[in-house]
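Now for the letters of each chain:
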Amino acid sequence: MTGGRTAPRLKLAMEALVSSATAEHREFSHITPEYQAISQLCRQVRSVAEVSALLRMPLGVARVLIADMAAEGLVRVHQPQLDEGRPDVNLLERVLSGLRRL
């Protein structure tokens, strides 16, 4: 899936949000099944960790694939902003809300 690579092209936090950048009815015959699955899953904004868990793939593999897809313009990645080394309060509230829904 990753061509033997273990490090993504760009540094992705596991809480980074991913959204599909492709049209819903785009022709997917030229991309891998993994790219197709990630693109379809990310029609709703998901974190890198959610993509990994929902597709049952190791987090490192998900990071490499998502970074590759971002480089090709297939997904958009929204990295969390850290203020002086502390996580964003809005991010923590979204994580807590997501955990409560589980």
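For the structure, see preceding data.
Sequence order as written defines residue numbering, which begins from 1 separately in each chain. Note on the predicted model: pLDDT of at least 70 is required for a residue's local features to be given, and 80 or more for side-chain atom pairs to be given and counted; whole-chain, interface and lining totals, by contrast, use all residues. Computation of side-chain values covers all heavy atoms of the structure but excludes hydrogens and water.

Asks: Help me understand the overall build of the protein in this model?
Replies: Per the convention used, a helix needs a DSSP run of H or I reaching at least four residues, while a strand needs a run of E reaching at least two, with both numbered from the N terminus. Assigned secondary structure in the protein consists of four helices and three strands. Reading the protein from its N end, one meets helices and strands in the order β-α-β-α-α-β-α. Categorising residues by exposure relies on relative accessible area from a 1.4 Å probe, with only protein chains included: less than 20% of the type maximum marks a residue as buried, more than 50% marks it as exposed, and the intermediate range marks it as partly exposed. Taken across its 102 residues, the protein has 30% of its residues classed as buried. The method behind every accessible area is Shrake-Rupley, applied with a 1.4 Å probe, and residues are considered shielded solely by the protein chains displayed. Per element, the accessible surface of the protein, about 6,700 Å² overall, is 53% carbon and sulfur.

Asks: Even after reading the chapter, I still don't get the sheet that holds strand E3 (residues 75-78), so can you show me in this structure?
Replies: For sheets, the rule is that strands pair by backbone hydrogen bonds, running either parallel or antiparallel. The three strands are arranged E2-E1-E3 in an open sheet whose pairing can be described as antiparallel. Edge positions in the sheet fall to strand E2 (46-47) and E3, since each has one partner strand and no second. Think of it this way: DSSP has to see at least two bridges between two strands before they count as a pair. Where strand E1 (residues 17-20) lies against E3, four bridges are found, and the strand directions are antiparallel. Paired with Val18 across the two strands is Val77, which belongs to E3.

Asks: Which parts of the structure should I look at to understand the nonpolar core?
Replies: Burial of nonpolar side chains together is a common tendency in soluble globular proteins. Here, nonpolar core means buried Ala, Val, Leu, Ile, Met, Phe, Trp, Tyr and Cys residues that are tied together by side-chain atoms lying within 4.5 Å of each other. Membership of the largest hydrophobic core comes to 19 residues, with the highest contact counts inside it found for Ile38 and Ile66. For this core, the secondary-structure elements that each account for two or more residues are helix H1 (33-41), helix H2 (48-54) and helix H3 (59-71). No other element matches H3, which puts six residues into this core. Contacts are residue-level and defined by heavy atoms, with any inter-residue pair within 4.5 Å sufficient. The contact partners of Ile66, leaving out residues within four places of it in the chain, are Leu12, Val18, Ile38, Val48, Val51, Val75 and Val77.

Asks: So what exactly am I meant to see when it comes to the side chain of Ser20 here?
Replies: Tracing the backbone shows Ser20 in strand E1. Residue Ser20 is classed as buried on the basis of its relative accessible area of 12%. Here a polar contact is taken to be a pair of N or O atoms separated by no more than 3.5 Å, where protein atoms must pair a possible hydrogen donor with a possible acceptor and residues adjacent in sequence count only if both atoms sit in side chains. Reaching out from Ser20, the side chain makes a polar contact with the side chain of Ser39 at a distance of 3.2 Å. Other than its neighbours up to four places away in sequence, Ser20 contacts Ser39, Cys42, Arg43, Leu74, Val75 and Arg76.

Asks: Can you help me understand the side chain of Arg46 in this one?
Replies: Within the fold, Arg46 resides in strand E2. His residues and chain termini do not enter the charge count, which takes Lys and Arg as positive and Asp and Glu as negative. For this document, the term salt bridge refers to a Lys or Arg side-chain nitrogen within 4 Å of an Asp or Glu carboxyl oxygen. The buried charged residue Arg46 lacks any salt bridge, with Glu50 as its nearest oppositely charged partner at 4.4 Å. For Arg46, the side chain forms a polar contact with the main-chain oxygen of Leu41, separated by 3.3 Å. If we skip the residues at most four places from it in the chain, Arg46 touches Ala16, Leu17, Val18, Leu41, Val51 and Leu54.

Asks: Would you take a moment to explain the environment of Tyr35 for this structure?
Replies: Note that Tyr35 resides in helix H1. What makes Tyr35 buried here is its relative accessible area of 10%. Note: C-alpha distance between Tyr35 and Asp68 (33 residues apart in sequence) is 9.4 Å. Excluding its chain neighbours within four sequence positions, the residues that come into contact with Tyr35 are Leu65, Asp68, Met69, Glu72 and Leu74.

These figures capture arrangement, not role.
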